[in-house]
Amino acid sequence: DHLANLLRRPVDLGTLATGNIVSVSSIDGYVIPYFENGEFFASDVDASTIDDLSFAKAESSPDAGVISKVRGRELVLFGVASTEWWQNTGATDFPFERVSSSGFGCYAAGSAVNVLHVGDSAIIDTIAFAATNDQGAYAGVCLLDGYGARKISTSSVDRMIQAETDRTAIRALTYSINGHTFYAISTSTATQTYDLATGQWHERKSSGLGFWRVRTAAAFGTKTILGDYTSGLTYQMATGVY
């Protein structure tokens, strides 16, 4: 609802910051548009209005903004070569304050996905993403681990991602089935999927293609609904269908 209100409201977001919006997040009742120059704004609580002075900037590194995500009660701002964590402290002038920053960023915005895995002994609530080092070069597929990143990709997965010449073609999704949570990352030519329960990767392909045709996934009740990469078709995940 907050995101829908943001799109409907009369404020011209182009007057708020220089550059384009790279993503919009919602946390604690605030709508957070994040701009490519690293600035982000906070709406009023449970409202679609945004004061043009209600903003801050991810500036631990002079890099561009890539995507914002929410992990628990933290706003995570991924840049080209850095990542910052901000929390709602309720301050009068601006409600969010930076609590940490790290020298790695996000290689492709479409690779960043919230992942929730309920295992036998632990619950993993994190973000999976294709990471960069502090120079903006590809550094592997990682899971956020506290305020650090733990690499999970193999050399074959790394080669697949680095072979993609268009970073905007890199897309990821997550879904859970039979006690296993999967993170699937695709390029324009291939798909690799990571099983958080086993820590293993496997390749996925659709008939007649070199990659999995699924690009989006959503839980709907007890079902997993999947979206096609080119058409408006949706599918239902089933273990009994090859």
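Residues numbered from 1 in each chain as written. Predicted model: local features only at pLDDT ≥ 70, side-chain atom pairs only at ≥ 80, totals over all residues. Heavy atoms only, no water.

**Q** In this structure, what is going on with the pairing of strand E7 (residues 83-88)? I would like to understand it.
**A** Two faces make up the sheet, and in a regular strand the side chains alternate between them. In the sheet, strand E6 (residues 74-79) pairs with E7 via five bridges, with the strands oriented antiparallel. Note on E7: the bridge partner recorded for Val76 is Trp85. Hairpin remark: E6 followed by E7, antiparallel, with three residues in the connecting loop. (Pairing = 2+ DSSP bridges. Helix = DSSP H or I, 4+ residues; strand = E, 2+ residues; numbered from the N terminus.)

**Q** Looking at this model, I keep getting lost on the sheet that holds strand E14 (residues 171-177). Mind explaining?
**A** Adjacent strands of a sheet form backbone hydrogen bonds with each other and so pair up, either parallel or antiparallel. The four strands are arranged E14-E15-E16-E17 in an open sheet whose pairing can be described as antiparallel. The sheet terminates laterally at E14 and strand E17 (200-203), the two strands that pair on one side only. Across the sheet, the mean angle from the axis of one strand to that of its neighbour is 25°, orientation sign disregarded. Bridging between E14 and strand E15 (residues 180-186) involves seven bridges; their strand directions are antiparallel. Residue pairing for E15: Thr174 is matched across the bridge by Tyr183. (Axes fitted to C-alpha atoms, helices over the stretch in contact; angles between N-to-C directions.)

**Q** Help me understand the environment of Gly38, please; the structure alone is not making it clear to me.
**A** Assignment of secondary structure puts Gly38 in the loop between strand E2 (30-35) and strand E3 (39-41). Judged by its relative accessible area of 1%, Gly38 is buried. With 126 residues separating them in the primary sequence, Gly38 and Glu164 have C-alpha atoms 25 Å apart. For Gly38, the residues in contact, after removing those within four places along its chain, are Ala56, Lys57, Ala58 and Gly65. (Buried < 20%, exposed > 50% of the residue type's maximum accessible area, 1.4 Å probe, protein only. Contact = heavy atoms within 4.5 Å.)

**Q** What am I meant to see in the confidence of the model for the protein chain here?
**A** Interpretation of this model should avoid reading the predicted coordinates in detail wherever pLDDT is low. Looking at the protein chain, pLDDT values average 90 and 92% of them are 70 or higher. Per-residue pLDDT stays below 50 along residues 6-12; that stretch engages in nine contacts with residues further than four places along the chain or on separate chains. (pLDDT = per-residue confidence, 0-100.)

**Q** Explanation requested: the sheet that holds strand E5 (residues 65-71) in the structure shown.
**A** The strand order across the open sheet built from four strands is E5-E6-E7-E8, with neighbouring strands paired in antiparallel fashion. Either end of the sheet is taken by a strand with one partner, and the two such strands are E5 and strand E8 (96-102). In this sheet, neighbouring strand axes are inclined to one another by 25° on average, regardless of whether the strands run parallel or antiparallel.

**Q** Looking at this structure, I do not really get the pairing of strand E10 (residues 113-118). What am I missing?
**A** Burial along E10 is one-sided: the face carrying Val113, Val115 and His117 is buried and the face carrying Asn114, Leu116 and Val118 is not. Here E10 folds back onto strand E11 (residues 123-132), and the loop between the two strands holds four residues.

**Q** Looking at this structure, I do not really get the packing of aromatic side chains. What am I missing?
**A** Any pair of aromatic rings gets described here by the distance separating the centres and the angle formed by the planes. Following the criterion strictly, the structure yields 15 aromatic pairs and no others. Here the aromatic rings of Phe211 and Tyr229 are separated by 5.1 Å at their centres, their planes lie at 80°, and the arrangement is edge-to-face. Residue Phe211 is found in the loop between E17 and strand E18 (214-220), and its partner Tyr229 is found in the loop between strand E19 (223-228) and strand E20 (234-236); the two are separated by 18 residues along the sequence. A residue is classified by how much of its surface remains accessible, and Phe211, at 9% relative accessible area, is buried. Residue class for Tyr229 comes out partly exposed when judged on its relative accessible area of 33%. (Phe/Tyr/Trp six-rings, centres within 6.5 Å; stacked < 30°, edge-to-face > 60°.)

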